[in-house]
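Single-letter residue listing:
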Amino acid sequence: MRVLLTGGLGFIGSHTAVELLSRGFEVEIIDNLKNSKLETLKNIKKITGKKPKFYKTDLLNKSALDKIFRNNYYDAVIHFAGLKAVGESVEKPLSYYRTNIDTTLNLLDIMKKYHCKNLIFSSSATVYGNQDGVKLTEKNQTGIGITNPYGQTKYMIEQILKDTACSDPEFKVTILRYFNPIGAHYSGLIGENPNDIPNNLMPIIMKVYTGEIKTLKIYGDDYKTKDGTGMRDFIHVVDLAKGHVSALKKSLKTNATNVAIYNLGTGKATSVLKMVKTFEKISGQALNYEIVGRRPGDLAKVYANPKKANRELNWQAELTVEDAIKDVLNYLLKPAADLKLKLPVARPHYSISKAFSLLGLKNPLVKLGAHPSRTQKSTSV
Ligand SMILES: NC(=O)c1ccc[n+]([C@@H]2O[C@H](COP(=O)([O-])OP(=O)(O)OC[C@H]3O[C@@H](n4cnc5c(N)ncnc54)[C@H](O)[C@@H]3O)[C@@H](O)[C@H]2O)c1
């Protein structure tokens, strides 16, 4: 089975490529490298022993996309490519609508032209809008109270996909609504490494840990939650990637439904403060954070009811927030290990700072994480 991953060198795409390749799928990748690096391709090969065919192509370039499909047959496409920073989408709405919607329309046109009739789409819990504190099921309302253009694009694309599937009974669409992906591959070879200022909690924590960002801002500690900070459903990216494999297998079966929608989450919510404290405990290093006022539009508690995916996809999230943090630290430490600093690269069950001091070394992460072109900035969760 040959699968095309758009945006397959990004955070979730690269982990999905690994899971697919290790189960015998043939994988090809399109990515314009806007938010990823070519190095990830080599690292996918290091993990799986297989190097996917790669096209450095922008999905906005329809004729380039046409050429790829003209020369290849795909059993399915997993569509990850797009812009995903919520805050940036408020500043640059047209760029978000153009990129996320037009890339999808191009892809659908070309898939139809070449009779490729199976698409899996990366959607987001953000389509549930302002529903707060309820375990969200796929039947919950969508589209009401979405507070940013990024979320609107996901909602609109879901509608476009449903209409497309409705017009062609042979066209199968699977919409996967992700909650909050975190973590990295346990090898330490692939993980989340945004090219720009990160927007999600874990990459910000990582950059505060390495010293690249000075302070983590936690927006609000007066929500009606245990410790007052917002709670989210954090899912390990490897679990999420496995969810794609399960969804793909299901949709490739002839009796699969025309449009299927699944929440991919753990069903558990962890607070932002708890996440910070757990990271501090596992890393052995205090994080510089400050509590500031609430951000408009933020919700107290957002988490999934993943039972439909558990039942129909025979899939369930298995890894914990602790696993994700250990894997993220491992990913951060990999460069140090490659510099022949003798640090273990398996999931570290020890304090990272302590490990460095035991070796008589200064923690090199500050240097490794820092980007020379950036000054220290504080940023948001
Ligand atoms: N990470 C999250 O928290 C999260 C949550 C919910 C949904 N999603 C969705 O999942 C998908 C993947 O997310 P991710 O975290 O891996 O993001 P990512 O930015 O790491 O990956 C997206 C990839 O798409 C590529 N890309 C962007 N625009 C492109 C274009 N025009 N043509 C070709 N390639 C292009 C980027 O270079 C990048 O490699 C996105 O659609 C995102 O909206 C992510």
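What you see is a predicted model, and the numbers here were worked out from it, not measured in a lab. (Residues numbered from 1 in each chain as written. Predicted model: local features only at pLDDT ≥ 70, side-chain atom pairs only at ≥ 80, totals over all residues.)

Enquirer: Sorry, what's going on with the overall build of the protein chain here?
Expert: Looking only at helices and strands, one finds 13 helices and 16 strands in the protein chain. Burial statistics for the protein chain: of 381 residues in total, 46% are counted as buried. Of the contacts made within the protein chain by residues no fewer than 6 positions apart, 79% connect residues no fewer than 24 positions apart. (Helix = DSSP H or I, 4+ residues; strand = E, 2+ residues; numbered from the N terminus. Buried ≥ 20, exposed ≤ 12 C-beta atoms within 10 Å, placed from the backbone. Contact = placed C-beta atoms within 7 Å.)

Enquirer: Whenever I open this one, the nonpolar core confuses me. Can you help?
Expert: Within soluble globular proteins, side chains that are nonpolar tend to cluster in buried spots. If you look at the biggest cluster of nonpolar residues, it comprises 96 residues, and the most contacted ones within it are Val3, Ile205 and Val328. Each of domain 1 (2–184 + 232–264) and domain 2 (201–231 + 269–300 + 320–380) contributes no fewer than three residues to this core. When residues no more than four places from it in sequence are discounted, the contact partners of Ile205 are Leu216, Val276, Phe279 and Leu287. (Core = buried A, V, L, I, M, F, W, Y, C linked by C-beta atoms within 7 Å. Domains from an automatic or database assignment.)

Enquirer: Before we go on, may I ask you to explain the pairing of strand β12 (residues 259–264) in this structure?
Expert: The two faces of the sheet receive side chains in turn, since in a regular strand these alternate between them. Burial analysis of β12 places five of its six residues in the buried class, which makes it a mostly covered element. In this structure, strand β7 (residues 172–178) lies alongside β12, joined through six bridges in parallel fashion. Across the sheet, Ile175 pairs through a bridge with Ile261, a residue of β12. (Pairing = 2+ DSSP bridges.)

Enquirer: Honestly, the packing of helix α1 (residues 11–21) against helix α8 (residues 237–252) in this entry has me stumped. Any pointers?
Expert: Axes are the key here: two packed helices are described by the angle between their axes and the distance separating the axes. Put simply, α1 and α8 touch, their axes get as near as 8 Å, and they point 60 degrees apart. Compared by their axis directions, α1 and α8 come out oblique. Judged by the twist between their axes, the crossing of α1 over α8 is right-handed. Seen from α1, the contacting residues are Phe11, Ile12, His15, Thr16, Val18, Glu19 and Leu20; seen from α8, they are Val237, Val238, Leu240, Ala241, Lys242, His244 and Val245. Here the contact of α1 with α8 is built from residues that sort into nine nonpolar, three polar and two charged. (Axes fitted to C-alpha atoms, helices over the stretch in contact; angles between N-to-C directions. Parallel < 35°, antiparallel > 145°, perpendicular 65-115°, else oblique. Left-handed = near helix turned anticlockwise from the far one by under 90°. Nonpolar A, V, L, I, M, F, W, Y, C, P; charged D, E, K, R; others polar.)

Enquirer: Help me understand the site of the ligand in this model?
Expert: Residues in close proximity to the ligand total 28 residues, the closest being Gly7, Gly10, Ser36, Ser122 and Ser124. Put simply, the parts of the chain that give the shell around the ligand at least two residues each are α1, β2 (26–31), α5 (93–113), β5 (118–124) and β8 (180–182). Considering every element that reaches the shell around the ligand, the biggest residue donor is α1, with three residues. Taken together, the residues of the shell around the ligand sort by class into 11 nonpolar, 13 polar and four charged. (Near = placed C-beta within 6 Å.)

Enquirer: How do you make sense of unusual backbone geometry when you look at a structure like this?
Expert: In the Ramachandran plot, His115 falls in the positive-phi region, its phi being about 55 degrees despite a non-glycine side chain. Of note, His115 is situated in the loop between α5 and β5. For His115, a count of 10 C-beta atoms within 10 Å corresponds to the exposed category. Positive phi is not limited to glycine here, since Asn314 has a value of about 55 degrees. Counting through the fold element by element, Asn314 comes out in the loop between α10 (307–312) and α11 (321–338).

Enquirer: How do you make sense of the environment of Ile12 when you look at a structure like this?
Expert: Mapped onto the elements, Ile12 comes out in helix α1. In the structure, Ile12 is positioned 180 residues away from Glu192 in sequence and 8.3 Å away in space, judged by C-alpha atoms. Beyond its immediate stretch of four places on either side in the chain, Ile12 contacts Phe80, Ser122, Pro181, Val237, Leu240 and Ala241.

Enquirer: Which parts of the structure should I look at to understand the confidence of the model for the protein chain?
Expert: A low pLDDT score tells you not to read the predicted coordinates there in detail. Here the protein chain averages 90 in pLDDT, while 88% of its residues score no lower than 70. Under a pLDDT of 50 for its full length, residues 343–351 has, in the predicted model, 18 contacts with residues more than four places off or in other chains. Across residues 366–381, where pLDDT falls below 50, the model places 36 contacts with residues more than four positions away in sequence or in other chains. (pLDDT = per-residue confidence, 0-100.)

Enquirer: Can you help me understand the pairing of strand β3 (residues 53–56) in this one?
Expert: Relative to β3, β2 is paired through four bridges, and the arrangement is parallel. Paired with Ile30 across the strands is Tyr55, a residue of β3. Where the polypeptide runs from β2 across helix α2 (residues 39–48) and back to β3, its parallel neighbour, the crossover connection is right-handed. (Right-handed = clockwise from strand over helix to strand, strands pointing away.)

Enquirer: Is there a simple way to explain α1 in this structure?
Expert: An α-helical segment advances 3.6 residues per turn. Residues three or four places apart therefore align on the same side. Counting buried residues along α1, 11 of its 11 residues qualify, which places the element largely inside the surrounding structure. Along α1, the positions that sit buried rather than exposed are Phe11, Ile12, Gly13, Ser14, His15, Thr16, Ala17, Val18, Glu19, Leu20 and Leu21.

Enquirer: What's the story with the sheet that holds strand β4 (residues 76–79) in this structure? I'm lost.
Expert: In a beta sheet, neighbouring strands pair by backbone hydrogen bonds and run either parallel or antiparallel. Strands sit in the order β3-β2-β1-β4-β5-β7-β12 across an open sheet of seven strands; the sheet is parallel. Both edges of this open sheet fall to β3 and β12, since each of them pairs with a single strand only. Across the sheet, the axes of successive neighbouring strands diverge by a mean angle of 20 degrees, strand direction being ignored. On top of the sheet, α8 reaches β1 (2–6), β4, β5, β7 and β12; it is set at about 160 degrees to β7, its chief contact.

Enquirer: I keep staring at the packing of α1 against α2 and nothing clicks. Help me out?
Expert: Viewed as axis vectors pointing N to C, α1 and α2 meet at an angle of 30 degrees, and their least axial separation amounts to 10 Å. Taken together, the axes of α1 and α2 lie roughly parallel to each other. Of the two possible hands of crossing, α1 and α2 adopt the one that is right-handed. Contacts from Ser14, Ala17, Val18 and Leu21 in α1 reach Thr40, Ile44, Ile47 and Thr48 in α2. Counted by class, the contact of α1 with α2 contains five nonpolar, three polar and no charged residues.

Enquirer: Got a minute to help me understand the sheet that holds strand β6 (residues 135–136) in this structure?
Expert: Read across the sheet, four strands follow the order β6-β15-β10-β13 without closing on themselves; strand pairing throughout is mixed. Strand pairing shows two members of the sheet lacking a second neighbour, β6 and β13 (270–271), which therefore form its edges.

Enquirer: Can you help me understand helix α7 (residues 201–210) in this one?
Expert: Counting buried positions over the 10 residues of α7 gives nine, a clear majority of the element. All buried positions along α7 are accounted for by Leu201, Met202, Pro203, Ile204, Ile205, Met206, Lys207, Val208 and Tyr209. Positive phi appears at Gly211, one or two residues downstream of α7, with a value of about 95 degrees.

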